[in-house]
Protein chains: 2
Amino acid sequence: MTNQERRDSTRTRILASARDRFTSAGFDATSVADICAASGVSKGAFYHHFPSKQAVFVALLERWIAELDESVQSAAARNEPVPRRLENLAGLVGQVSELGSGQIPMFLEFWRQASKDPDVWRLTIDPYRRFREAFAALIQEGIEEGSLRPVDPDAAALVLVSTGVGLVLQGALNPAEPRLPDAGGQAVRMLLGGLEKEASHES
Amino acid sequence: MTNQERRDSTRTRILASARDRFTSAGFDATSVADICAASGVSKGAFYHHFPSKQAVFVALLERWIAELDESVQSAAARNEPVPRRLENLAGLVGQVSELGSGQIPMFLEFWRQASKDPDVWRLTIDPYRRFREAFAALIQEGIEEGSLRPVDPDAAALVLVSTGVGLVLQGALNPAEPRLPDAGGQAVRMLLGGLEKEASHES
DNA sequence: TTATATAAACCGACCGGTCGGTCGGTATGA
DNA sequence: TCATACCGACCGACCGGTCGGTTTATATAA
């Protein structure tokens, strides 16, 4: 094995094991020795590749955000009417919830660390803001193309993103919930169509 | 001071300090010694009143849930049309976010512990289910009284509660967000009225 | 191709320090 | 007199991180 292969292999194994352990036991309760044992790597090798336990956490967070970013971009960019694109985005909720439902406690872990560690906070809050801006732009576009009512795009984006986050979190706590896979779609459809019977607004 | 007074005073001081420390530093990062120092209580006294650190956490969680339960019950029970009552409930989001905004990291702490500790999990999931059932009943009532469209009450309740949770969490991460105080109301109004321009549904 | 030198990857015993919880004893209200 | 409340030194376990030393790949020269 070349040095480069060794390096990649070891780093990958450390990250994978760390993600597993962080997910099932949490950041604090996972010791570096745990990660080493789970990945078949010595402590020396661990600290050869990462300066601290926290650094591994941040690396995982960055990867997670990059993936999510890509998913959102690709789901939002399709050339369709805005309501349809919103429904596509809603599908992400189910996707995130499923795609290793074990990943979701990790999501919680990110969030909790963010409220304590300024670095993690910035890493978390930035993409969050990006999401909201993307949603706001999408809604603005919908208003201009005439498919959405003239609401405040920023406020609507806040609500949409919050609903998504809430649904994912609900999935974290209650993975058995059968309604989850389509909950995102349901939510968007409700937001689009409204719950109230009398349609108090006309074109 | 009578024994009873001493007992109450000590327990109260421990709980208050524990809440402060858990909120600002998190459960794991708070040592029993921290709590003792902050509350002016010896370690012996601490373990005289609580069998473990976890027990203090659970006691705090129970108190928090009881408060929230009461708020929800009283906000939902008013004798008004369902949409109005939903808006009242939305006000709770702002209330929870404000009422000691420092409390919200604690909320995160509850959630994270719930995904690891079965006892905490049950304590958290039960009221959660109660909330959803209360919302579902409320929506059912709205459908029957004719003020809401005939949607699936359970699905709608899931969406409503998720949105609330998401908003609170958003507040936890970004306390400065100026839109938050009314975000709950905004969300409910959007859900009621719908975002889509063409009212595709008639009575 | 083989020998050698250098650096990168890896090893695991060890250290300083912390933490949850214990326990034998003391003070105080009933 | 008795039980309840309280005290704080202490214990064993564990943890993040270090460090001196070993193995393995690779670049270079013979």
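The preceding data block contains the structure.
Residues numbered from 1 in each chain as written. Chains lettered and ligands numbered in written order. Predicted model: local features only at pLDDT ≥ 70, side-chain atom pairs only at ≥ 80, totals over all residues. Heavy atoms only, no water.

## Re the relation of the copies chain B and chain A
Stated formally: Each copy is superposed on the other by least squares, with the fit set by C-alpha atoms of residues at a pLDDT of at least 70 in both. Only heavy atoms enter the contact rule, under which two residues are in contact if any of them lie within 4.5 Å.
In screw terms, the move from chain B to chain A is a rotation of 179 degrees and a rise of 0.0 Å along the axis, fitting with an RMSD of 0.1 Å. These values place the two chain copies in the arrangement generated by a two-fold rotation axis. Closest approach to the rotation axis among the C-alpha atoms of chain B is made by B:Gly194, whose C-alpha sits 1.6 Å away. In this assembly, 98% of the residues forming the interface of chain B have copies in chain A that are likewise at the interface, indicating an isologous arrangement.

## Brief notes about the interface of chain B and chain A
Threshold: Accessible area, probed at 1.4 Å, shrinks when two parts are joined; the buried area is that loss added up over both. Between Lys or Arg on one side and Asp or Glu on the other, a salt bridge is scored when a side-chain nitrogen of the former is within 4 Å of a carboxyl oxygen of the latter. Polar contact criterion, stated in full: a pair of N or O atoms within 3.5 Å, where within protein one must be able to donate a hydrogen and the other to accept it, and residues adjacent in sequence count only if both atoms are side-chain atoms. The helix count covers DSSP runs of H or I at least four residues long, the strand count covers runs of E at least two residues long, and both are numbered beginning at the N terminus.
Facing the 54 residues of chain B at the interface are 55 residues of chain A. Between chain B and chain A, a total of about 5,400 Å² is buried, with carbon and sulfur atoms accounting for 64% of that surface. Scanning the region where chain B abuts chain A turns up two salt bridges. The salt bridge partner of A:Arg112 is B:Glu109, with a shortest N-O separation of 3.1 Å. There are eight residue pairs in polar contact (both at pLDDT 80 or more) connecting chain B and chain A. Sorting the residues of the side of chain B that touches chain A by element identifies helix H6 (104–114), helix H7 (118–145), helix H8 (153–173) and helix H9 (180–193) of chain B as the ones contributing at least two each. Examining the composition of the side of chain B that touches chain A, we find that 13 residues originate from one element, H8(B), more than from any other.

## Overview of the packing of aromatic side chains
Residue and element names in this part refer to chain A. Operational definition: Centres within 6.5 Å make a pair out of two Phe, Tyr or Trp rings, where for Trp the six-membered ring is used; the pair is then stacked when the planes are under 30 degrees apart, edge-to-face when over 60, and tilted otherwise. Here's how the labels work: a residue is buried when its accessible area is under 20% of the maximum for its type, exposed when over 50%, partly exposed in between, all with a 1.4 Å probe on protein chains only. By definition, being over a ring means that NZ of Lys or CZ of Arg is both within 6 Å of the ring centre and within 35 degrees of the ring normal.
Under the defined criterion, the tally for this structure stands at 16 aromatic pairs over all chains. Ring geometry for Trp 111 versus Tyr 128: centroids 6.1 Å apart, planes at 70 degrees, classification edge-to-face. In this pair, Trp 111 is assigned in helix H6 (residues 104–114) and Tyr 128 in helix H7 (residues 118–145), connecting sequence segments 17 residues apart. Taking the relative accessible area as the measure of exposure, Tyr 128 reaches 9% and is therefore buried. Among the aromatic residues, ring-to-ring pairing joins Phe 22, Phe 27, Phe 57, Trp 64 and Phe 110 into one connected group. Of note, Lys 53 hangs over the ring of Phe 27, and the distance from its end group to the ring centre comes to 4.4 Å.

## Here we look at the pattern of salt bridges
All names here are of chain B. Summed over the entire model, instances satisfying the criterion amount to 18 salt bridges over all chains. Note that Arg 21 is salt-bridged to Asp 34, the shortest N-O span being 3.6 Å. Within this pair, whereas Arg 21 is found in helix H1 (residues 3–25), its partner Asp 34 is found in helix H2 (residues 32–39), the two being separated by 13 residues in sequence. A relative accessible area of 28% places Arg 21 in the partly exposed class. Residue Asp 34 is classed as partly exposed on the basis of its relative accessible area of 25%.

## Focus on the protein's contact with DNA strand C
Our working rule: Nearness is judged by heavy atoms alone; a residue qualifies as near a molecule or strand once a single heavy atom is within 4 Å of it. Three classes are used, and their members are as follows: Ala, Val, Leu, Ile, Met, Phe, Trp, Tyr, Cys and Pro are nonpolar, Asp, Glu, Lys and Arg are charged, and the others, Gly among them, are polar.
Around DNA strand C sit 20 residues, and of these A:Thr10, A:His49, B:Val32, B:Lys43 and B:Lys53 come closest. The sugar-phosphate backbone supplies 63% of the atoms of DNA strand C found within 4 Å of the protein. Taking B:Lys43, its side chain carries an N or O atom lying 2.4 Å from a base oxygen of DNA strand C. Of all the secondary-structure elements, those providing two or more residues to the surface near DNA strand C are helix H1 (3–25) and helix H3 (43–49) of chain A together with helix H3 (43–49) of chain B. Looking at which element gives the most residues to the surface near DNA strand C, the answer is H3(A), with five residues. Residues that form the surface near DNA strand C fall into these classes: four nonpolar, eleven polar and five charged.

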